[in-house]
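# Residue-level structure breakdown
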Amino acid sequence: MALRSEHSTVYVALYFFIIALSTFKVGVSGGSGSKVLSLLQPYDFLYYSGVRAYYGREWAKAAELLEKSLQTKEALLRTRRQCHDDCVVSGTDALNKLDSEEGSMWDLWALDWIQQRAECLRFCIGRSVTPTGQLPVSNDIEYEFDTRNPYNFLQVTYYKLEKLKKAASAAHTYFVANPSHLEMRNNIEKYRRMKGVTEDDFQDREIEKHWILYDAAVQHEASSDWLQATEKWKACVNKTLWKTDECRVQCEVAPRPLPEDRGVDGVDGVFEKAAALSLSLLSCWQSCVTQVATRPGRISAQEDFLQTQLEHLHIAQFKSGDVSGALQTLRSFLLFYPSDKDSLDNLQLYYETLGGDAESHGMQPAQEIVKYINQSLQEKKLLYFGVENLNFNFTDPDLWTPEDVVPASVRENWRAEKQKINEKLNEGDQLEEVDDSGFYAGGPVPQVGVTITMDDEALNGTNRVVLDGVMTEKECDKILQLATVAASLGDGYRGRRSPHTPHETFEGLTVLRAVKLSQEGLVNQSDTRLLHELGERVRTLLHSYFRSPSGLFISFTHLVCRSATTDDQEGRMDLSHPVHVDNCLLEPETKQCWREPPAFIHRDLSAILYLNDNFDGGELFFTKRDAKTVTARVKPSCGRLVGFSSGPVNPHGVTAVTRGRRCALALWFTKEKLYRDMEREEAESLWAADGKGVLKNNKEEEEKEGSAITGRNARSHATKERSRGRNIVMESKDEL
């Protein structure tokens, strides 16, 4: 149905006015007591009741009420969505009359449609939600649930009830959205050590499916599994569109305040108020782009989130042989950026690959993307009209918005805002030459026979070094023999056979496991002691060379062997270890690196001590933040040590091992005593119990650091950056 042009503005105003009015306050008359009890109660009341029970140490009651508050909020969102869908057809008879002969009374037919839609929503929601449950919650309650604070209470509550698996899940769910929360980080480490708790228990109960698909697609790309990457990118695009639509529906159906009435000084009539409501709704719709593109625990959204997925998808489709699919996806991407040179070059390539036939040139973009763009552009036009003429404030969430959509009077400010965002995106390039780790390469090497083979200049980077002569051939042979006898198939502590590529097997051994095997007489104890001592040897060398101003503690030691499988290795495009950064999550497309879980953010310095060179491939290489531009390569050999700061200035990976077995000792170091390797200390305790203690060269430094809370090392995750701010209810009650 096409709206008549002379009436379209009023139709639009009335349309938004009704949506806002119908969501301002949806109420029902009170029914019988039993009926009210069966309806959804206010989830904020349930939450506060659960908090009161928590502070009253009524643990079972607190758990029940807190869980019920979470379930009720989720049920309320589902109810609103269902009612929105059920009421779509309400009033369509009246709406259809707008363009009929009876359209001379278009205003009355529009109001008829409005009232029928409002009545449907009120009745539908009233069947499932109590009158008080329909009222809007306070900003504080929204903040509590947005930051997942109910799980903060639940993890302690379940701990008190001795339901450790549920406690671990609640703790992890809260920590994902609050990675700077020190107490929760400590609690998670305590849960890891508790009997009966496994890694599988640390589940995110608020997990967002589109981010799971996004991460899976990136991983498949890194291993050059283009078919799986294509499947995941497609699913991610669809889930992102669905999630955006879900957000937009909640904008429509959730309670929305009416424009503020200025009393006797007010001059706004019904159209002005309708316009204010419509602009508020339009702005909420547009903000869904930002909400969907923001990971839990982050402050800022990933710019061009949907567009980035389309870009990855068409490349994956092309590399997997689906050129027609790649062409359609690329045409969809070009709707956002029609003059992007690289994309236009790819478009020509796809045409040529398909033979340049008429059918390929007639390939249309995906209809869901066409609809998405048309809807968004119309919303932006209305919003910018409000900005120019009705004093409305609007910040465009998109970089792709065409300039001709923006009125000339506000275009200068729009360009300035867009320039700020672009500068922020370009920070990745500027930050590559800055290392804030506190390390300064170039210090002395305090071991006779060790030489500096490559420094920062030779490695084209910052805080990188290659040292030779750290081990003798005899020592290399001893550790290689230890790996042959004792290393476990898999990564050595989580049991994954091939964590990075199916074309290689992976074996690992930790110091603690080696000590236990030596006590059982299964391996040579002197070899185990050498494995332990090598960690201290490397620590001493790198602490001196990188001139660390503070103590340096071993965070984890891992003897690793990668072996090429017997299948056909020719033409392998994957990597033995994809490009990554050791203490943050690298996003090559944005050149950002996020210091938050699941990254090991406590790592400050990384090292690899090689044991052999009788294999093909397996070279370490450094890249820029794009994960593509290689800046340096290092070929392994016995006794060669590579050391580098663990942060975003040093993305690195390992080329495919195509023949033989590559063994190395991987070590990570931290400046924080809290994250020292507790397994290493446990190994030392086992020796001490046998009357064979181990001399600690860093004992004095440990004493200088003073006392610290004992924590598990290693595989804990936290961040010191981007705190989400308040902790309104919990204060310090959340530590076990």
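Everything below is about the structure shown above.
Owing to the predicted nature of the structure, the values given are computational and were not obtained by experimental measurement.

## A short note on the overall build of the chain
In terms of helices and strands, the chain carries 25 helices and 15 strands. Of the contacts made within the chain by residues no fewer than 6 positions apart, 77% connect residues no fewer than 24 positions apart. For the chain, the accessible area works out to roughly 34500 Å², and carbon and sulfur atoms hold 51% of it.

## Focus: the nonpolar core
Within the largest apolar cluster, 49 residues are counted, with the highest numbers of intra-cluster contacts made by W233, L306, F336, I369, I373 and Y384. Contributions of two or more residues to this core are made by α11 (209-222), α12 (226-253), α13 (270-292), α14 (305-319), α15 (323-336), α16 (341-353), α18 (367-389) and α19 (408-425). Non-local contacts of F336, meaning those with residues more than four positions away in its chain, are made with L306, Q307, L310, I369, Y372, I373 and W400. If you look at the next biggest cluster of nonpolar residues, it comprises 45 residues, including L480, A483, C638 and W687.

## Digging into unusual backbone geometry
Its identity is not glycine, yet R57 carries a phi of approximately 60 degrees, on the positive side. With phi around 65 degrees, E162 is a residue other than glycine that occupies positive phi space.

## Notes on the pairing of strand β13 (residues 641-645)
By the criterion of burial, β13 is predominantly enclosed, with 5 of the 5 residues buried. Of the two faces of β13, both are covered, the one formed by L641, G643 and S645 as well as the one formed by V642 and F644. With 4 bridges joining them, strand β2 (residues 464-468) and β13 adopt antiparallel strand pairing. For R464, the partnering residue across the bridge sits in β13 and is F644.

## Observations regarding the state of the cysteines
Within this structure, the stated rule accounts for 7 disulfides. There is a disulfide in this structure between C87 and C120, and the S-S distance comes to 2.0 Å. Torsion about the S-S bond of the C87 and C120 cystine: about -85 degrees, corresponding to left-handed handedness. Of the two residues, C87 is situated in the loop between α4 (59-86) and α5 (92-96) and C120 in helix α6 (residues 106-126); the sequence distance between them amounts to 33 residues. The class for C87 is buried, based on a relative accessible area of 0%. Overall, the relative accessible area of 15% leaves C120 in the buried class. Put simply, C476 and C638 are joined by a disulfide, and their sulfur atoms are 2.1 Å apart. Residues C476 and C638 are joined by a disulfide whose S-S torsion is about 100 degrees; by sign, that bridge is right-handed. Highlighted residues: C476 in helix α21 (residues 473-486) and C638 in the loop between β12 (630-634) and β13, separated in sequence by 162 residues. Looking at C476, the relative accessible area reads 1%, which means it is buried.

## Here's the deal with the packing of aromatic side chains
In this structure the tally under the stated criterion is 22 aromatic pairs. With 5.1 Å between their ring centres and 80 degrees between their planes, F336 and W400 make a pair best called edge-to-face. Note that F336 is positioned in helix α15 and W400 in the loop between α18 and α19, a separation of 64 residues in sequence. W400 matches F336 in its accessibility class, with the two residues each being buried. An aromatic cluster of three or more residues is present, and its members are Y43, Y47, Y48, Y54, Y55, W59, F145 and F153. Above the ring of W242, the side-chain terminus of K239 is found at 4.4 Å from the ring centroid. Above the ring of W400, the side-chain terminus of K380 is found at 5.3 Å from the ring centroid.

## Description of the sheet that holds strand β11 (residues 620-623)
The 4 strands lie next to each other as β6-β14-β11-β12, forming an open sheet whose pairing is antiparallel. Pairing within the sheet leaves two strands with one partner each, and these edge strands are β6 (575-580) and β12. Averaged over all neighbouring strand pairs, the angle between strand axes comes to 20 degrees, with direction disregarded. As paired elements, β6 and strand β14 (residues 652-655) share 3 bridges and run antiparallel to each other. Residue pairing across strands places H580 opposite H652, the latter belonging to β14.

Rules behind the numbers
Residue positions are given per chain, counting from 1 as you read along its sequence in written order. With pLDDT at 70 or above as the cut-off, local features in this predicted model cover only qualifying residues; side-chain atom pairs require 80 or more to be listed or tallied, and sums for whole chains, interfaces and linings still use all residues. Here the side-chain values reflect all heavy atoms present in the structure, with hydrogen atoms and water set aside. A run of H or I in DSSP counts as a helix once it spans at least four residues, and a run of E counts as a strand once it spans at least two, with each numbered from the N terminus. The contact definition used throughout considers only heavy atoms, calling two residues in contact when any of these lie within 4.5 Å. Accessible surface is estimated by sampling points in the Shrake-Rupley manner with a 1.4 Å probe; for residues, cover comes only from the protein chains shown. For the purposes of this section, nonpolar cores are sets of buried Ala, Val, Leu, Ile, Met, Phe, Trp, Tyr and Cys residues that join through side-chain atoms within 4.5 Å. Only protein chains enter the area calculation, which uses a 1.4 Å probe; residues under 20% of their type maximum are buried, those over 50% are exposed, and those in between are partly exposed. DSSP-based pairing: two strands are paired if at least 2 bridges between them are found. Cysteine sulfurs are considered disulfide-paired once they come within 2.5 Å of each other. Think of it this way: a Phe, Tyr or Trp ring, Trp meaning its six-membered ring, pairs with another when their centres are within 6.5 Å, and the plane angle makes it stacked under 30 degrees, edge-to-face over 60, tilted otherwise. Comment: the charge-over-ring label is applied if NZ (Lys) or CZ (Arg) is within 6 Å of the ring centre and within 35 degrees of the ring normal. The angle between two axes is taken between their N-to-C directions and runs from 0 to 180 degrees, where each axis is a line fitted to C-alpha atoms and a helix contributes only its stretch in contact.

Note that every value here comes from positions in space, so none of it alone points to a role or purpose.
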